[in-house]
Amino acid sequence: MSRIGNAPVTIPAGVQITTANNVLTVKGPKGTLTQDYDAKITITVDGNVARLTRANDEKATKAKHGLYRALLNNMVKGVTEGFEKTLVVNGVGYKVAKQGKKVVLNVGYSHQVEVEEVDGITLECPSQNEIVVKGIDKVKVGQISASIRKIREPEPYHGYGIHYSDEVIERKEGKTAGK
């Protein structure tokens, strides 16, 4: 049995879960999220608990059982608390600034790089070397964060670049003076 798939999802107050035509909809105080799911998975809501069951024990169905339970849990968390990722910009002269609905990055190129906000995602710059990506959809938050990080990936010698706040950059030793 799937350990993740069998775990119930607790539904906090103010959150509604509806299913129709293999489309899962979660409404909460921060917004609404939808997700298609496989017909072999059944979602039942009893009071403040949602449970997922599968039709058979095929390998693909077992995998989807845990997947859709994790997606449902992330959707419930997203519409109640939201998700956020913090990126740190490190480098001499590197800085970021918010201008309207976009973030302008000066990260060592001959030009400034602009990142626009997309629907459901907000970008904040609490300081000159931090970017906070917030939203209710965990996948979108992660994707936008990854695309910002890709603009200037951290290099291993000085650590210059854009990295996640909890990311550890493995540093390399520089050249040594030989004989």
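Rules of the game
- Residues numbered from 1 in each chain as written.
- Predicted model: local features only at pLDDT ≥ 70, side-chain atom pairs only at ≥ 80, totals over all residues.
- Heavy atoms only, no water.
- Helix = DSSP H or I, 4+ residues; strand = E, 2+ residues; numbered from the N terminus.
- Polar contact = N/O pair within 3.5 Å; in protein donor to acceptor, adjacent residues only side chain to side chain.
- Buried < 20%, exposed > 50% of the residue type's maximum accessible area, 1.4 Å probe, protein only.
- Core = buried A, V, L, I, M, F, W, Y, C linked by side-chain atoms within 4.5 Å.
- Contact = heavy atoms within 4.5 Å.
- Phe/Tyr/Trp six-rings, centres within 6.5 Å; stacked < 30°, edge-to-face > 60°.
- Lys NZ or Arg CZ within 6 Å of the ring centre and 35° of its normal.
- Expected span 1.5 Å × (residues − 1).
- Arc of directions from axis to C-beta.
- Salt bridge = Lys/Arg side-chain N within 4 Å of Asp/Glu carboxyl O.
- Pairing = 2+ DSSP bridges.

Another aspect to go through is the side chain of H65. Within the secondary structure, H65 is located in helix α2 (residues 59-80). Engagement of the side chain of H65 in a polar contact is seen with the backbone oxygen of G5, the distance being 3.3 Å. At 2.9 Å, the side chain of H65 forms a polar contact with the backbone oxygen of L52.

Glancing now at unusual backbone geometry. Positive phi is not limited to glycine here, since N21 has a value of about 55 degrees. Along the chain, the position of N21 falls in the loop between β2 (16-20) and β3 (23-28). Of the residues examined, N21 reaches a relative accessible area of 76% and is grouped as exposed. For N22, which is not a glycine, the phi torsion comes out positive at approximately 60 degrees.

For the rest of this paragraph, the subject is the nonpolar core. Among the nonpolar cores identified, the biggest contains 20 residues, and L105, L123, I131, V133, I148 and I162 are the most heavily contacted of them. Broken down by secondary-structure element, the contributors of at least two residues to this core are β7 (83-90), β9 (102-106), β10 (113-116), β11 (121-124), β12 (130-135), α3 (138-151) and β13 (161-164). With four residues, α3 is the largest single contributor of residues to this core. Leaving out residues up to four positions away in the same chain, I148 has contacts with L87, L105, V115, L123, I131, V133 and I162. Residues Y37, I43, L52 and V76 belong to the second largest nonpolar core, which totals 18 residues.

Let's shift gears to the packing of aromatic side chains. Summed over all chains, the structure comprises two aromatic pairs. Over the ring of Y164 we find K85, and its NZ or CZ is 4.9 Å from the ring centre. Above the ring of Y109, the side-chain terminus of R152 is found at 4.2 Å from the ring centroid.

Take α3 next. Here α3 contains 14 residues, and its C-alpha end-to-end distance of 21 Å stays within 8% of the 20 Å for a straight helix at 1.5 Å per residue. If you check which residues of α3 are buried, you get V141, I144, S145, I148, R149 and I151. In an axial view of α3, the angular spread of the buried residues amounts to 145 degrees, which keeps them on one side of the axis. For α3, the exposed residues lying more than 90 degrees away from the buried face are V139, Q143 and K150. Buried residues in α3 make contact with β7, β9, β10, β11, β12 and β13. With a side-chain oxygen positioned 3.3 Å from the backbone nitrogen of V139, the residue opening α3 is D137.

This part is about the pattern of salt bridges. Throughout the structure, instances matching the rule amount to ten salt bridges. The partner of K98 in a salt bridge is E117, and the shortest N-O contact between them spans 2.4 Å. With K98 in strand β8 (residues 95-99) and E117 in the loop between β10 and β11, this residue pair connects regions lying 19 residues apart in the sequence. For K98, a relative accessible area of 34% corresponds to the partly exposed category. Since its relative accessible area comes to 19%, E117 is described here as buried. Salt bridges sharing common partners tie together E84, E124 and K134.

As a further point, take the pairing of β12. Where β7 lies against β12, six bridges are found, and the strand directions are antiparallel. Bridge pairing in β12 places F83 opposite G135. Relative to β12, β11 runs antiparallel, the two sharing four bridges. Across the sheet, residue T122 finds its bridge partner in β12, namely K134. The antiparallel hairpin formed by β11 and β12 contains five residues in its connecting segment.

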